[in-house]
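If you want the building blocks of each chain, they are given just below.
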There are 2 protein chains.
Amino acid sequence: MEKTTLQVAGMTCGHCEKAVKGALTPIDGVKEVTVSLQDGTVDVEFESSKASLVQLKEAVEDQGYDVK
Amino acid sequence: MEKTTLQVAGMTCGHCEKAVKGALTPIDGVKEVTVSLQDGTVDVEFESSKASLVQLKEAVEDQGYDVK
């Protein structure tokens, strides 16, 4: 199991949090997603054998946010 | 047909816009809803014989926003 923190720009409200969580959680291998609107961060716990960091970033970007 | 401008606090992103629009548009008598995130305003065109201002305000408040 791996943990990463994505820096996500533009998450402003509860809807944003929901959109990001909803995009990451269904990905095979993702175990836990924690969003901090205040910090602009998304902590993701995932199995790197199943999901890749690139895949996680793309899922968030597809919701319209910039991932640094 | 009547027009009103609601001052709505806390709308920050496209999801907020969608939530507010989605709450107002299905109300019987509501003809057009225009959200400005920048101004924090929602313009509503509605038939006052069918929908009331109180009803419009409540629909927005039910989505978690303050209407002034």
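Look up: the structure comes first, before these words.
Quick summary incoming for the structure in this document. Residue positions within a chain follow its written sequence, with the count starting from 1. To label them, take the chains in the order written and letter them from A, then take the ligands in the order written and number them from 1. Where totals are concerned, whole chains, interfaces and linings use all residues; where local detail is concerned, this predicted model gives features only for residues with pLDDT of at least 70, and gives and counts side-chain atom pairs only at 80 or more. Hydrogens and waters are ignored; side-chain quantities use all the structure's heavy atoms.

1. What to know about the interface of chain A and chain B
Okay, so step 1: Throughout, a residue-residue contact means that at least one pair of heavy atoms, one from each residue, lies within 4.5 Å. With 6 residues of chain A at the interface, the matching set in chain B holds 6 residues.
Okay, so step 2: When chain A packs against chain B, the two sides together hide about 430 Å² of surface, and 64% of this comes from carbon and sulfur.
Okay, so step 3: In this description, buried area is defined as the sum, over both parts, of the accessible area (probe of 1.4 Å) that is lost when the two are combined. Per-residue buried area on chain A facing chain B is highest for A:Thr12, A:Cys13 and A:His15; these three make up 77% of the total on that side.
Okay, so step 4: Each salt bridge in this description consists of a side-chain nitrogen of Lys or Arg and a carboxyl oxygen of Asp or Glu lying within 4 Å of one another. One can count 0 salt bridges joining chain A with chain B.

2. Side note on helix H2 (residues 53-61) of chain B
Residues and elements named next belong to chain B.
Okay, so step 1: The set of residues buried in H2 consists of Leu56, Ala59 and Val60. Mapping the buried residues of H2 onto a view down its axis gives an arc of 95°, with all of them on the same face.
Okay, so step 2: For H2, the elements touching its buried residues are strand E1 (2-9), helix H1 (14-24), strand E2 (30-36), strand E3 (41-46) and strand E4 (66-67). The buried label applies to any residue whose accessible area, calculated with a 1.4 Å probe on protein chains only, is under 20% of its type's maximum; exposed applies above 50%, and partly exposed to all values in between. Helix numbering and strand numbering both begin at the N terminus, where a helix is a DSSP run of H or I of at least 4 residues and a strand a DSSP run of E of at least 2. Directions drawn from the helix axis to the C-beta atoms are what define this arc.

3. A word on the packing of helix H1 (residues 14-24) of chain A against H1(B)
Okay, so step 1: An axis is simply a line fitted to the C-alpha atoms; with a helix, the fit covers only the stretch in contact. Between two such axes, the angle follows the N-to-C directions and lies from 0 to 180 degrees. The N-to-C vectors of H1(A) and H1(B) enclose an angle of 105°; their axes lie 8 Å apart at closest approach. Taken together, the axes of H1(A) and H1(B) are roughly perpendicular relative to one another. Residues A:His15, A:Cys16 and A:Ala19 of H1(A) pack against B:His15, B:Cys16 and B:Ala19 of H1(B).
Okay, so step 2: Gly is put with the polar residues, along with every residue not named as nonpolar or charged; the nonpolar set is Ala, Val, Leu, Ile, Met, Phe, Trp, Tyr, Cys and Pro, and the charged set is Asp, Glu, Lys and Arg. The residue makeup of the contact of H1(A) with H1(B), split by class, is 4 nonpolar, 2 polar and no charged. For classification purposes, an angle smaller than 35 degrees is called roughly parallel, one larger than 145 roughly antiparallel, one from 65 to 115 roughly perpendicular, and anything else oblique.

4. With respect to the sheet that holds E1(B)
All names here are of chain B.
Okay, so step 1: DSSP-based pairing: two strands are paired if at least 2 bridges between them are found. Here we have 4 strands laid out as an open sheet, ordered E2-E3-E1-E4, and antiparallel in their pairing. Edge positions in the open sheet fall to E2 and E4, since each of these has one partner strand only.
Okay, so step 2: In this structure, E1 lies alongside E4, joined through 2 bridges in antiparallel fashion. By the bridge assignment, Ala9 is partnered in E4 with Asp66.

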